[in-house]
Amino acid sequence: MYQYDQYDQNLVDTRVAEFRDQVERRLSGELSEDQFKPLRLMNGLYLQLHAYMLRVAIPYGTLDSRQMRMLGHIARNYDRGYGHFTTRQNLQFNWIKLEDTPDILAELATVEMHAIQTSGNCIRNISSDQFAGAAADEITDPRPWAELLRQWSSFHPEFSYLPRKFKIAVIAAKEDRAAMRLHDIGIEIVERDGAHGARVFVGGGMGRTPMIATEIAEFVPLSDLLSYLEACLRVYNRYGRRDNIYKARIKILVHEIGADEYRRQVEEEFVAVKALGIDPPAAEFERIKAFFAPPAFAGDAPDTLDRSDPDFAVWLDQNVKQHKQPGHAIATISLKPAGGIPGDASADQIDLMADLAQRYSFDELRVTHAQNIVLPHVRKADLYAVWQALHEAGLAEANLDLISDIIACPGLDYCSLANARSIPVAQKIAERFADLDRQRELGELKLKISGCINACGHHHAGHIGILGVDKKGLENYQLSFGGSGAEDVSLAKITGPGFSEDGVVDAVEKATDVYLAHREQGERFVDTYRRIGMEPFKEAIYGPA
Amino acid sequence: MKILTGNDLKTGDVVWWTGSGWSRHVEDSADVGEAGEALARQEEAARRVNVPYVIDATATPEGPRPAHIKDRVRALGPTIRPDLTLKPADPSAGNWVI
């Protein structure tokens, strides 16, 4: 994984010192909240419902055991004993004291971490495939490109005050595990005539106006990638609306002027940008790429598994994926235990995951956009020991991609923007479907819950989506079906009138009954919905029209 | 009744105006009547509290309760982590929130 050079380290250390001074001036009364707020947000510090919240950047969701342990240390010593992994592959601490924040950032800096650009109208954390470098279906590791984009976008003077926040995802496999087309820019690295290039998609996103990104370039040579993206951002920065926050994202610009006109302007700008020579020399990219060289896999690692323990066998089937290196596997640690809070992990659990990564996964961990943790490179012979350790720590839930593997935003329990609670709904649905055999009978079913229209819980992309709204001071939950953030990307459609908290759990169960009654061989819930349409589901949920 | 709330500058804790200072317990809230907006400006200017604002509340035998669920959640803590609320030892503490 990438390691800071002295230039990187100086940047982060300087920012910590600068923010320490800003915090001191706020605490002394020299700065008002209006003056201080933009400064703290530039360092990922929000004021949420109960306390300050600090969002720590985890570039493309990759970290090592030393960094993971630091997150556990902060959870234990500065927070209330836990951290929350987010849908942006980051981590949030919910109970931070302002006066502690400079010390926290200083400690993060010792392990090459920070909270810069985790807030504000700038290019946010570059997200990627959590299986990058390990997936059997990837054509190359997308993370060197994500890292290049991280370096390009960090402190980019021209893009520090964009019309709105800006999110970029990079993948390099046909299976889209990063919801690439629901980003402002989605990049899929593809191969043509033996060369790698980028398919570029622009204008995706969820929130108030959900849209799927449109392809604007089918093959940008990777040697031109930075120039092309610079052109994309320049056109957005020039014409994106700053007069209306609800119309400020690039998806609105692309929609209003049309993808063809946006593409024409980007290509015109690209010619001018290309002449500036901002693309890195091949040697610099090779330097970055070297940090992502494959670990020293054992060439003779046995490819067989002892499946005699039935609980272990279920975990293998559900949570372990094929690795590109024989004798190895990718193991996903579910942060969705029955009745738990999606994405939360205690300091002890964080430490344990760090230990397992160090011992069994070449010192690497990944955060997924579905709020789970991945050990990307585990020898098959070590999987049973890993599973046993996870089992003891309450982390061996074998529910990856099943109905209880729910994405849920923090909702009204933590978030000052939310209108309804998300987590209790997730818990009740997980409890209703607690029987793992029943979950596995239902198969892949992605259920996603947001507590407000901003859609941090990705409800638009759920096979089943739930949106909490405020209805005359009461929580109300709108149900939708048919979304997907994967390569079969689609936006969910609302079923009809909303429900109470318990009512929406009942409605979800009725929907799964309809699916079971109608499904054909090999169909997932979303496939059956797409084939038979909304009506049978509506009739079951709301009664005959 | 109307009560005044905000977040403590240093800790971010939710706090409630008692008539003479700030408390972490909503039960201590004073009815600020029409004086809330002026009080909010005064306390914010004094750098004691962040983003103070006035809300509607109901007087109950146990003390004032915010009218809206968001402020009731703020008053107690996250409904899904009783151990993180202001009353972790009281299993019924959250009954008035929902």
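Under an unreviewed UniProt entry, the name given to chain B is DUF2849 domain-containing protein, and the organism recorded is Sphingomonas qomolangmaensis.

Chain A carries the name Nitrite/sulfite reductase in an unreviewed UniProt entry, which gives Sphingomonas qomolangmaensis as its organism.

1. Digging into the UniProt feature "domain: Nitrite/sulphite reductase 4Fe-4S" (unreviewed entry) in chain A
Residue and element names in this part refer to chain A. Per the UniProt entry, the sites bearing "domain: Nitrite/sulphite reductase 4Fe-4S" (unreviewed entry) are residues 119-270 and 405-541 in this numbering. In the segment residues 119-270, helix accounts for 30% and strand for 20%; the C-alpha atoms at its two ends are 28 Å apart. Here residues 405-541 is 36% helix and 18% strand, with 23 Å between the C-alpha atoms at its ends.

2. Focus: the interface of chain B and chain A
Listed per partner, the contact involves 24 residues of chain B and 35 residues of chain A. Between chain B and chain A, a total of about 2,400 Å² is buried, with carbon and sulfur atoms accounting for 57% of that surface. It is R47(B), K70(B) and I80(B) that lose the most area in chain B upon contact with chain A, and together they represent 25% of the buried surface on that side. The interface formed by chain B and chain A includes zero salt bridges. Our count for the contact surface shared by chain B and chain A stands at 12 residue pairs in polar contact (both at pLDDT 80 or more). Listed by contribution, the elements that provide at least two residues to the side of chain B that touches chain A are β1 (2-8), β4 (49-60) and α2 (69-76) of chain B. Broken down by element, the residue count for the side of chain B that touches chain A peaks at four residues, all from α2(B).

3. Focus on the sheet that holds strand β17 (residues 447-450) of chain A
In any sheet, the strands associate via hydrogen bonds between backbone groups, in a parallel or an antiparallel arrangement. Residue and element names in this part refer to chain A. Reading across the sheet, the five strands line up as β16-β17-β18-β19-β20 and stay open at both edges, with mixed pairing between neighbours. Each edge of the open sheet carries a strand with a single partner, namely β16 (407-408) and β20 (493-494). Summarising the sheet, β16 and β17 pair through two bridges and their orientation is parallel. Across the sheet, residue A408 finds its bridge partner in β17, namely I449. In the packing of helix α13 (residues 423-432) onto the sheet, the strands contacted are β16, β17, β18 (464-471) and β19 (474-481), and the crossing angle to β17 comes to about 155°.

4. Let's talk about the nonpolar core
Residues and elements named next belong to chain A. Core analysis: the biggest nonpolar cluster contains 62 residues, and M68, L71, F85, W315 and M353 have the highest contact counts within it. When residues in this core are grouped by element, the largest group, eight residues, is from helix α11 (residues 347-360). Beyond its immediate chain neighbours, meaning those up to four positions away, W315 contacts V320, A331, T332, L383, V386, W387, L390, A396, E397 and A398. One finds A172, I216, A259 and F292 within the second-largest nonpolar core, a separate group that totals 45 residues.

5. Digging into the environment of A357(A)
Residues and elements named next belong to chain A. Among the structural elements, A357 can be located in helix α11. What makes A357 buried here is its relative accessible area of 0%. Separated by 18 residues in the primary sequence, A357 and L375 have C-alpha atoms spaced 6.2 Å apart. Every residue in contact with A357, bar those within four places of it in the chain, is listed here: F362, D363, E364, L365 and L375.

6. Side note on unusual backbone geometry
Residue and element names in this part refer to chain A. Of note in the backbone geometry, Q89 takes a positive phi value of approximately 65° without being a glycine. With respect to the helices, strands and loops of the structure, Q89 is situated in the loop between β4 (82-85) and β5 (91-96). Not every positive phi belongs to a glycine, and H458 is a case in point at roughly 60°. Following the sequence through the fold, H458 ends up in the loop between β17 and β18.

7. A look at the packing of helix α15 (residues 501-518) of chain A against helix α17 (residues 535-542) of chain A
What describes two packed helices is the angle between their axes and the distance between those same axes. Residue and element names in this part refer to chain A. Relative orientation of the contacting elements α15 and α17 amounts to 135°, with a least axis distance of 9 Å. Between α15 and α17, the angle is such that the two are oblique. Here α15 runs over α17; the crossing is right-handed. Note on element contacts: α17 touches α15 through P536, F537, A540 and I541, opposite A507, K510, A511, V514, Y515 and H518. The residue makeup of the contact of α15 with α17, split by class, is eight nonpolar, one polar and one charged.

8. What to know about the packing of aromatic side chains
Residues and elements named next belong to chain A. Within this structure, the stated rule accounts for 21 aromatic pairs over all chains. Between W95 and Y414, the ring centres sit 6.3 Å apart and the planes meet at 80°, which makes this aromatic pair edge-to-face. Of this pair, W95 sits in strand β5 while Y414 sits in the loop between β16 and α13, and the two are 319 residues apart along the sequence. Neither residue differs from the other here; W95 and Y414 are each classed as buried. What links up through ring pairs into an aromatic cluster is the set F481, Y515, F525, Y529 and F537. The ring of W95 carries the charged tip of R80 above its face, separated from the ring centre by 3.9 Å.

Criteria and cut-off values
- Counting starts from 1 at the beginning of each chain's written sequence and moves along it residue by residue.
- All chains are assigned letters beginning at A, and all ligands numbers beginning at 1, according to the order in which they are written.
- Two thresholds apply to this predicted model, a pLDDT of at least 70 for residue-level local features and 80 or more for giving and counting side-chain atom pairs, whereas whole-chain, interface and lining totals are computed over all residues.
- Computation of side-chain values: all heavy atoms of the structure, hydrogens and water removed.
- UniProt positions are given in the numbering used here, feature names are shortened, and annotations may be inferred rather than shown by experiment.
- Helix and strand labels come from DSSP, where a helix needs a run of H or I of at least four residues and a strand needs a run of E of at least two; each type is numbered from the N terminus.
- Any two residues whose heavy atoms approach within 4.5 Å at even a single point are treated as in contact.
- Buried area counts how much accessible surface, traced with a 1.4 Å probe, disappears from two parts once they are put together, with both parts' losses summed.
- By definition, a salt bridge exists where a carboxyl oxygen of Asp or Glu is found within 4 Å of a side-chain nitrogen of Lys or Arg.
- Whenever a nitrogen or oxygen atom comes within 3.5 Å of another N or O atom, the pair is scored as a polar contact, on the condition that within protein one atom can donate a hydrogen and the other can accept it, and that pairs from neighbouring residues in sequence are kept only if both atoms are in side chains.
- When DSSP finds two or more bridges between a pair of strands, those strands are recorded as paired.
- In this analysis an axis means a line fitted to C-alpha atoms, helices contributing only their contacting stretch, and an angle means the value between N-to-C directions, from 0 to 180 degrees.
- Among the buried residues, those of types Ala, Val, Leu, Ile, Met, Phe, Trp, Tyr and Cys that are joined through side-chain atoms within 4.5 Å form a nonpolar core.
- For every residue, the accessible area (1.4 Å probe, protein chains only) is compared with the maximum for its type, and the residue is labelled buried under 20%, exposed over 50%, or partly exposed between those bounds.
- Throughout this description, any angle smaller than 35 degrees is read as roughly parallel, any larger than 145 degrees as roughly antiparallel, any in the 65 to 115 degree range as roughly perpendicular, and the remainder as oblique.
- Crossing handedness is defined as follows: a turn of the near helix away from the far one that is anticlockwise and smaller than a right angle gives a left-handed crossing, while the clockwise case is right-handed.
- Only Asp, Glu, Lys and Arg are considered charged in this grouping, and only Ala, Val, Leu, Ile, Met, Phe, Trp, Tyr, Cys and Pro are considered nonpolar; every other residue, Gly among them, is considered polar.
- A pair of Phe, Tyr and Trp rings is counted when the ring centres sit within 6.5 Å of each other, with Trp represented by its six-membered ring. The angle between the planes then sorts it: under 30 degrees is stacked, over 60 is edge-to-face, the rest tilted.
- Both a distance and an angle decide whether a charge sits over a ring: NZ of Lys or CZ of Arg must be within 6 Å of the ring centre and within 35 degrees of the ring normal.

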